[in-house]
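Read off the chains here:
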Amino acid sequence: MNPIQKIREELKGSIISALEKSRTENLIAFDAMPDFVIEVPRDEGHGDFATNVAMLMARQCRMAPRKIAEIISSQIDYNQIPQLKKMEIAGAGFINFFLKPDWLVVLPGIVAEQGPRWGSSPSQNQKVQVEFVSANPTGNLHMGNARGGAIGDTLANILAYAGYEVEREFYINDAGNQIDIFAQSLEARYLQLMGAKIEFPENGYAGQDVVDTVKNIIRDYKDSLLGMTAEERQELVVNYALKEKIQYIRNTLSGFGITYDVWFNEKILHQTGKVDEIIKNLTDKGYIYEEEGAWWFKSTLFGDEKDEVVIRANGLPTYFASDIAYHLNKFERGFDRVINVWGADHHGHVGRMKGAIQALGYDANRLEILLMQLVRLYRGGVIVRMSKRTGTTVSLDELIEEVGKDAARFFFVMRSPDSQMDFDLDLAKEKSQENPVYYVQYAHARIQSIFRQAKAAGVLVKGVGEVDFSILGTEEMQILRKIADFPDEIATSARMLAPHRIAHYVLELAGLFHSFYNHQRVLNDNKALQDARLALMGTTQTTIRNALNILGISAPEQM
RNA sequence: GCGCCCGUAGCUCAGCAGGAUAGAGCAACGGUUUCCUAAACCGUAGGCCGGGGGUUCGAAUCCCUUCGGGCGCACCA
């Protein structure tokens, strides 16, 4: 257990003991122990930790909060918490705990021992799947996919640190209506390039990437497709294009630092009859009815506004039908939690999806949807419409080329998924040097530089066990305090599905380091102080590196 | 019309199941380098937390209402 959690538990325990003792001695009367918190006050003058327990008890005790706080304070057993120096009652009835300054000195040892695992929590014994991006394999990856990629991958890293067994998955929509249109578009382009005068489908994919793909097909197959039936031809071109697109997606995401454990094909669900099975299953359970030739799922039973079609009048299943089969498959694979990162434009899908899960007999809470608001792309102060079909927008690979993987990932993950995001391309290009990611990376590189200087000067960096940390001053203790928060911060980010917290955390830690660096010298004449500071630098660097690792951003040793 | 997200400093945004005096970056202004990387640091200025009610010891946070912005409400995915 990390030191912060440990001391929190100890403080909490001692308060409970004090309260129970007070009750036994008839100093106070209460029935239920409130669910109070041990928090870190924003203001350092309010101690290392504080609790609101007295305020929470005021009502049931019919006693002023400060009076309750005094009773607790007088009954606290200092022997139970050796690190406790003093307590103060403040404000409306807060109890502030001041700890002996050396309570954090165990931290560097823990960090050094855990290394790359520092920040992680014990195993939760739960399997969680994170599905993200899952872009349609009919076009290039756009800004929404980029944001989803950064958020999903970071979230998966956070969950892994938080003790979950995590699998990353990409769902390939290689079946259905869009694929048919894709096939028709490819065929039309092929025939056009081969000289036929035919109309391009009205809703077809008009992007240049389709033309490029067709040129590759012509290079490989020449005119041999002309003699085929339309069906054979469409199947060939679409399979060719899908293979190419999926390879493109895989490569681009890999360049964005994202690799998946599983690439799941929608088509398999159709081919193996899973979609038909799920319809039959739900029909047997009475959740499906027929109307106007189509089959409807009763999503209104689960709070949705209207029922949803699963089989169209033309006999073909909808996307929703295969998605139900897909999610059933996920649960059958044994995941305790299934998390999907979706764009806000899919939020209408959430209610009925959860409804379907429930209809199948699973707890709908095990399916969690992280909705992220859409990214609006600006160029020259004007919105660039994101359309997969026109292919006029900036793609992820172009973005990586222009601003770099690290800056792009940081930029996307820095903001809460809930907030809509304007991505100003001109700004991103011009100001890439001012991106906050460099601020953090620079902190890491600076520390490395100190170690280089130390080595050049023949200074041996002592192991944390041989160093006396009590010599460190307030700035160093602030850094240590922040570092101590790291596991908690990761756990909170995991609980809230809030990857942006890690970005903010590491910015704050880097800020404390830079401030310290500008005020104090690590390499100096006071050997004991130098030893302690060098060890602190190692602790800081490991924490920054681990945080950057979670964010999928490199930790350079030199800049 | 109904549903979801957002509204916090000039701009972009944090603010962890309500907590003490609301924070950061950028922009502005003024400083810091014979010394471990100035991609840094320090300081100044900047706010009716969209408006209005309510809940309570206590609200940026919860509830209601209203205004403004985004998204969704297909036999598309």
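Structure's up top.
Residues numbered from 1 in each chain as written. Chains lettered and ligands numbered in written order. Predicted model: local features only at pLDDT ≥ 70, side-chain atom pairs only at ≥ 80, totals over all residues. Heavy atoms only, no water.

A. Spatial organisation of unusual backbone geometry. Its identity is not glycine, yet N125 carries a phi of approximately 55°, on the positive side. Along the chain, N125 falls in the loop between α4 (107-114) and β5 (127-131). What makes N125 exposed here is its relative accessible area of 70%. Residues other than glycine seldom take positive phi values, yet K222 does so here, at roughly 50°. In this fold, K222 is placed in the loop between α7 (208-221) and α8 (230-255). On the basis of relative accessibility, which here comes to 52%, the residue K222 falls in the exposed class. (Helix = DSSP H or I, 4+ residues; strand = E, 2+ residues; numbered from the N terminus. Buried < 20%, exposed > 50% of the residue type's maximum accessible area, 1.4 Å probe, protein only.)

B. Inspection of the pairing of β5 at higher detail. Taken across its five residues, β5 has four buried, putting it largely inside the fold. Bridge count between β5 and strand β6 (residues 165-172): five bridges; the pairing is parallel. Of the residues in β6, the one forming a bridge with E131 is E169. Handedness of the β-α-β unit built from β5, helix α5 (residues 143-161) and β6 comes out right-handed. Here four bridges tie β5 to strand β11 (residues 337-343), and the two strands are oriented parallel to one another. Counterpart to Q129 in the pairing with β11 is V338. (Pairing = 2+ DSSP bridges. Right-handed = clockwise from strand over helix to strand, strands pointing away.)

C. Spotlight on α5. With 19 residues, α5 ought to run about 27 Å at 1.5 Å a step, and its terminal C-alpha atoms sit 27 Å apart, in line with that. Along α5, 18 of the 19 residues are buried, which leaves the element largely enclosed by surrounding structure. Looking one or two residues beyond α5, the residue adopting positive phi is G163, at roughly 105°. (Expected span 1.5 Å × (residues − 1).)

D. Broad picture of the protein's contact with RNA strand B. Taken together, 66 residues sit near RNA strand B, with R312, R415, Y442, S449 and R521 positioned nearest. Taking all atoms of RNA strand B within 4 Å of the protein, the share assigned to sugar and phosphate is 64%. For RNA strand B, a phosphate oxygen lies 3.4 Å from a polar atom in the side chain of S419. Listed by contribution, the elements that provide at least two residues to the surface near RNA strand B are α2 (53-61), β4 (94-99), α6 (177-193), α12 (347-359), α16 (436-456), α18 (486-496) and α19 (500-519). (Near = heavy atom within 4 Å. Polar contact = N/O pair within 3.5 Å; in protein donor to acceptor, adjacent residues only side chain to side chain.)

E. Quick look at the nonpolar core. F412 and F423 are the most contacted members of the largest nonpolar core, which has 142 residues in total. Top contributing element to this core by residue count: helix α20 (residues 527-551), with eleven residues. Setting aside residues up to four positions removed in sequence, F412 forms contacts with M143, A146, R147, A150, I151, F256, V375, L399, M421 and F423. (Core = buried A, V, L, I, M, F, W, Y, C linked by side-chain atoms within 4.5 Å. Contact = heavy atoms within 4.5 Å.)

F. Quick look at the sheet that holds strand β10 (residues 308-311). With antiparallel pairing, three strands are arranged side by side in an open sheet as β8-β9-β10. Unpaired on one side and paired on the other, β8 (288-291) and β10 mark the two borders of the sheet. This sheet shows a mean twist of 45° between the axes of neighbouring strands, independent of strand direction. Pairing of β8 with strand β9 (residues 294-297), which is carried by four bridges, proceeds in the antiparallel orientation. Opposite E290, over in β9, you have W295 as the bridge partner. Each of β9 and β10 is contacted by helix α11 (residues 319-332), which is oriented at about 80° to β10, the strand it contacts most. (Axes fitted to C-alpha atoms, helices over the stretch in contact; angles between N-to-C directions.)

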